[in-house]
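Coordinate inspection notes
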Amino acid sequence: YHADFSEFTDEGEYYVSVDGGRSATFRIGPDVFVPALDTTMLGLLGQRCGEEVEFEFEDERYFHEECHTAEAELSRVGEDGTRDDSGGWHDAGDYGKYVVNGAFAAAFLLKAYEHFPEYVAKKKLLIPENGNDTPDLLDEARVEVEWILKVQLESGAFSHKVTALNFEGTVMPEMDTQTRYFLSESSAATGDAV
C-alpha cells in the first residue's frame, strides 16, 4: 500500500489500521529524521582513516588510533613508487577505501547542503572541525572528497580503491600494517569521482 501524508501536518504518533492489520506506530513531525542524521554522521566520523577518532554514542565509547599513514604502492596501476592516500573513510567491514562508495556517500552530503542550506549551515556535528566557518556536514564531506582527489592517476582516471591484498581480519585499524595498493582504474570510479 502507498500512503501519502504530505498534506498531514499535525505532529504526533500515529498508526494506520486496515482490514487485516495495523501498521507499526510512527511519528509525524519536523525532526523525525534528526536522530538518523546524527547517527549517520557519527558513523562517518568513526570510519575516518589516517587520524585518531573518539566519540560516544548511546553510552558506548568508540575509539581508534591514527591508522594507514604509510604511502600506498602504485605498482598495480602501472605507475612507479608510492603515493599518499591518507584520509577518507574506511569502507564497510574492511579498511579498504573505495572511490565509488565514498563518492556516492559524499554526494549525498553535498546534495543535502544544496537542498537544505539553512538547516545544514546551523547543524552542529560532533566532529573535530566543529566550530569553524564551514558547515559541519560539508567538513565531513571534505574528508572523503580530498581523499578521492588523491587517488587520481597520471592517466586522469581514478583508482577504483586503495586496499591491502588480503582482508585485514578482526583487528583495530591501527593494527593493520599490511602494504596497501592503488588498485585498478575504473570507469565507475572515474565517473563517480567526477
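About the thresholds
- Residues numbered from 1 in each chain as written.
- Predicted model: local features only at pLDDT ≥ 70, side-chain atom pairs only at ≥ 80, totals over all residues.
- Heavy atoms only, no water.
- Phe/Tyr/Trp six-rings, centres within 6.5 Å; stacked < 30°, edge-to-face > 60°.
- Lys NZ or Arg CZ within 6 Å of the ring centre and 35° of its normal.
- Helix = DSSP H or I, 4+ residues; strand = E, 2+ residues; numbered from the N terminus.
- Expected span 1.5 Å × (residues − 1).
- Buried < 20%, exposed > 50% of the residue type's maximum accessible area, 1.4 Å probe, protein only.
- Contact = heavy atoms within 4.5 Å.
- Salt bridge = Lys/Arg side-chain N within 4 Å of Asp/Glu carboxyl O.
- Core = buried A, V, L, I, M, F, W, Y, C linked by side-chain atoms within 4.5 Å.
- Axes fitted to C-alpha atoms, helices over the stretch in contact; angles between N-to-C directions.
- Parallel < 35°, antiparallel > 145°, perpendicular 65-115°, else oblique.
- Left-handed = near helix turned anticlockwise from the far one by under 90°.
- Nonpolar A, V, L, I, M, F, W, Y, C, P; charged D, E, K, R; others polar.
- Pairing = 2+ DSSP bridges.

This paragraph deals with the packing of aromatic side chains. Taken as a whole, this structure holds four aromatic pairs when the rule is applied. The side chain of Arg-22 reaches across the aromatic face of Tyr-15, ending 3.6 Å from its centre. Sitting over the ring of Phe-182, Arg-83 keeps its end group 5.4 Å from the ring centre.

In this model helix α2 (residues 99-115) runs 24 Å from its N-terminal to its C-terminal C-alpha over 17 residues, within 8% of the 24 Å that 1.5 Å per residue would give. Buried residues of α2: Val-99, Val-100, Gly-102, Ala-103, Ala-106 and Leu-109, and no others. Structurally, α2 contributes buried residues whose contacts are with α1 (34-46), β9 (97-98), α4 (136-150), β10 (159-164) and α5 (187-193).

This part takes up the pattern of salt bridges. For side chains bearing opposite charge, pairing can occur when the charged atoms are close. Applying the stated criterion across every chain yields a total of 13 salt bridges. Across the salt bridge formed by Asp-84 and Lys-150, the nearest N and O atoms sit 2.9 Å from each other. Of this pair, Asp-84 sits in the loop between β8 (82-83) and β9 while Lys-150 sits in helix α4, and the two are 66 residues apart along the sequence. Accessibility expressed as a relative area gives 29% for Asp-84, which makes it partly exposed. By relative accessible area, which is 28% here, Lys-150 ends up partly exposed. Salt-bridge contacts for Arg-180 lead to Asp-176; the nearest nitrogen and oxygen are separated by 3.9 Å. Take Asp-176: its relative accessible area is 6%, and that puts it in the buried class. Through salt bridges with shared partners, a single network forms among Arg-48, Glu-51, Glu-129 and Glu-140.

Okay, the nonpolar core next. In this structure, Val-99, Trp-147, Ile-148, Val-151, Val-162 and Phe-182 are the most contacted members of the largest nonpolar core, which totals 14 residues. Within the residue set of this core, elements represented by two or more residues are α2 and α4. Considering every element that reaches this core, the biggest residue donor is α2, with three residues. Residues in contact with Val-162, not counting those within four places in the same chain, are Ala-72, Asp-85, Gly-96, Lys-97, Trp-147, Val-151, Arg-180, Tyr-181 and Phe-182. In this structure, Met-41, Leu-109, Val-120 and Val-143 belong to the second largest nonpolar core, which totals 11 residues.

On to the packing of α2 against α4. Packing of α2 against α4 leaves a shortest axis separation of 9 Å and a crossing angle of 150°. On the basis of the axis angle, α2 is roughly antiparallel to α4. Crossing hand, α2 versus α4: left-handed. Residues Val-99, Gly-102, Ala-103, Ala-106, Leu-109, Leu-110, Ala-112 and Tyr-113 of α2 form the contact with α4, whose own contacting residues are Leu-137, Leu-138, Glu-140, Ala-141, Glu-144, Val-145, Trp-147 and Ile-148. Grouping the constituent residues of the contact of α2 with α4 by class yields 13 nonpolar, one polar and two charged.

Attention shifts here to the pairing of strand β5 (residues 53-57). In this structure, β5 lies alongside strand β6 (residues 60-64), joined through five bridges in antiparallel fashion. Within β6, the position partnered with Val-53 by the bridge is His-64. Between β5 and β6, which pair antiparallel one after the other, the connecting turn spans two residues, and Glu-58 there sits at a positive phi close to 45°.

Let's shift gears to the environment of Thr-163. Mapped onto the fold, Thr-163 is located in strand β10. Taking C-alpha positions, Thr-163 is 34 Å from Ala-121, a pair spaced 42 residues apart along the chain. Discounting chain neighbours no more than four positions away, the residues touching Thr-163 are Gly-96, Glu-168, Thr-179, Arg-180, Tyr-181 and Leu-183.

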